[in-house]
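Letter by letter, the chains look like this.
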Amino acid sequence: MDRWKGRVALVTGASVGIGATIAKELVQYGMTVVGCARSLDKIQALAVECKNAGHSGVLIPMKCDLTNAEDIQSMFAAIKAQHKGVDVCINNAGLAHNEPLLSGKTSAWKNMLDVRTHCGSENALAAECKSAGHSGVLIPMKCDLTNAQDIQSMFAAIKAQHKGVDVCINNAGLAHPESLLSGKTSAWKNMLDFSLQSISPGLVETEFAYRLHSETPGKAKETYSQLKPLEAIDVANAVVYVLSAPPHVQIGEMLLRPVEQQA
């Protein structure tokens, strides 16, 4: 982790749970960590805790609503101005609503997807790549992958502007044969001069279930009592493992599961 000392990491959803634990671990390894969330109180308390513990890095709280494109762009602009950009981005933020896929409210699903996909971050990341002098280029393109016309229009635009697609990384869940691993992530690393890793944990004991079942806390407790779940530190350790890999090693995807978890 020595090569990451003094470098800048952005951790979304850093106020509690996995995000807070990852932020704390990276600060211990000497990184400058920008922790963002809608509420700053808990991140500010964690920043004080890190400082008092004498960690060599620093945690910088930053307020950001990840469903708001202007908030995201302002956050990246502030990081660029204050810290010259982001070296590591931990896309951790997420939430869940107790809404079934078929019968649930579309507004709830939109909210969950907006937080996970960070609407507006594509433009900010494109600017990051350009200003960092990467040899490739990131081109933002809006597409609703549940809409066939949107998908066809997107491919038609790529065909017209760039003569087609050489590598398709199926990370959004669209049914193409190219998965994150078999879709040659190493090629994307070469084109954009940065690496992309996916860490997919199973059941982790955090505040997540208690927020999901806020009206029935007993159900949340039951979620974690059926088996020995992962802890937030297990995921944080996975992040450190990925970052600790030598520059010539590309870890495309890491799957973590509690031993007793069946699915």
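All values reported here derive from a predicted model rather than from experimental measurement. (Residues numbered from 1 in each chain as written. Predicted model: local features only at pLDDT ≥ 70, side-chain atom pairs only at ≥ 80, totals over all residues. Heavy atoms only, no water.)

Trainee: Describe the overall build of the protein chain, with residues and values.
Mentor: Each helix and strand in the protein chain was counted, giving 10 helices and six strands. The buried share of the protein chain, taken over its 263 residues, is 34%. Counting only carbon and sulfur atoms, one obtains 53% of the accessible surface of the protein chain, whose full area is about 15700 Å². (Helix = DSSP H or I, 4+ residues; strand = E, 2+ residues; numbered from the N terminus. Buried < 20%, exposed > 50% of the residue type's maximum accessible area, 1.4 Å probe, protein only. Areas by Shrake-Rupley, 256 points an atom, 1.4 Å probe, with all protein chains shown as cover.)

Trainee: How would you summarise the packing of aromatic side chains if you had to cite specific residues and measurements?
Mentor: Tallied over the full model, the rule gives one aromatic pair. Relative to Y224, the ring of Y210 lies with its centre 6.0 Å away and its plane at 40°, an arrangement referred to as tilted. Placement of the pair is Y210 in helix α8 (residues 208-212) and Y224 in helix α9 (residues 217-225), with a sequence separation of 14 residues. Judged by relative accessible area, Y210 falls into the partly exposed class, the value being 36%. Taking the relative accessible area as the measure of exposure, Y224 reaches 7% and is therefore buried. (Phe/Tyr/Trp six-rings, centres within 6.5 Å; stacked < 30°, edge-to-face > 60°.)

Trainee: Report on the packing of helix α1 (residues 17-28) against helix α2 (residues 41-52), specifying residues and quantitative values.
Mentor: Where α1 meets α2, the axes come as close as 11 Å, and the angle between the chain directions of the two elements is 30°. Relative to α2, α1 is oriented roughly parallel. As for how α1 packs across α2, the hand of that crossing is right-handed. Of the residues in α2, those touching α1 at A20, K24 and V27 are L46, E49 and C50. By residue class, the composition of the contact of α1 with α2 is four nonpolar, no polar and two charged. (Axes fitted to C-alpha atoms, helices over the stretch in contact; angles between N-to-C directions. Parallel < 35°, antiparallel > 145°, perpendicular 65-115°, else oblique. Left-handed = near helix turned anticlockwise from the far one by under 90°. Contact = heavy atoms within 4.5 Å. Nonpolar A, V, L, I, M, F, W, Y, C, P; charged D, E, K, R; others polar.)

Trainee: Outline the sheet that holds strand β3 (residues 58-63), listing residues and values.
Mentor: Here we have four strands laid out as an open sheet, ordered β3-β2-β1-β4, and parallel in their pairing. Unpaired on one side and paired on the other, β3 and β4 (88-90) mark the two borders of the sheet. With strand direction ignored, the average angle separating the axes of adjacent strands in the sheet is 20°. One ladder, built from three bridges, connects strand β1 (residues 8-12) with β4; its direction is parallel. By the bridge assignment, L10 is partnered in β4 with C89. Strands β2 (32-37) and β3 of the sheet are contacted by α2, whose axis makes an angle of about 170° with β3. (Pairing = 2+ DSSP bridges.)

Trainee: Tell me about the nonpolar core, and name the residues and values.
Mentor: Counting 35 residues, the largest nonpolar core has I22, L26, V33 and L59 as its most contacted members. Elements with a contribution of two residues or more to this core: β1, α1, β2, α2, β4, α10 (232-244) and β6 (253-256). Residues in contact with V33, not counting those within four places in the same chain, are A9, V11, A23, L26, V27, V58, L59 and I60. Formed by 12 residues, the second largest nonpolar core is a distinct cluster that contains C36, M62, L66 and M75. (Core = buried A, V, L, I, M, F, W, Y, C linked by side-chain atoms within 4.5 Å.)

Trainee: Go over the pattern of salt bridges with me, naming the residues and quoting the values.
Mentor: Inspection of the entire model under this criterion finds six salt bridges. For E207, the salt bridge goes to K42, with nearest N and O atoms at 3.9 Å. One end of the pair, E207, is in the loop between β5 (198-201) and α8; the other, K42, is in helix α2, and 165 residues separate them in sequence. Residue classification places E207 among the partly exposed residues on the basis of a relative accessible area of 34%. For K42, a relative accessible area of 44% gives the class partly exposed. A salt bridge links R211 to E207; the nearest nitrogen and oxygen atoms lie 3.4 Å apart. Within the structure, one salt-bridge network assembled from shared partners comprises K42, E207 and R211. (Salt bridge = Lys/Arg side-chain N within 4 Å of Asp/Glu carboxyl O.)

Trainee: Any chance you could break down the packing of α1 against α10 for me, citing the residues and the numbers?
Mentor: Each packed pair of helices is defined by two parameters, the angle between the axes and the distance between the axes. The N-to-C vectors of α1 and α10 enclose an angle of 45°; their axes lie 8 Å apart at closest approach. When the axes of α1 and α10 are compared, the pair comes out oblique. Crossing of α1 against α10: the hand is right-handed. Within the contact between the two elements, α1 uses G17, I18, T21, I22, E25 and L26 and α10 uses A232, I233, V235, A236, N237, V239, V240 and L243. Its residues placed into classes, the contact of α1 with α10 shows 10 nonpolar, three polar and one charged.

Trainee: Could you give an account of the environment of C50, naming the residues involved and the relevant values?
Mentor: Topologically, C50 is positioned in helix α2. On the accessibility criterion, C50 (3% relative accessible area) is buried. As a C-alpha pair, C50 and Q28 span 22 residues in sequence and 7.8 Å in three-dimensional space.

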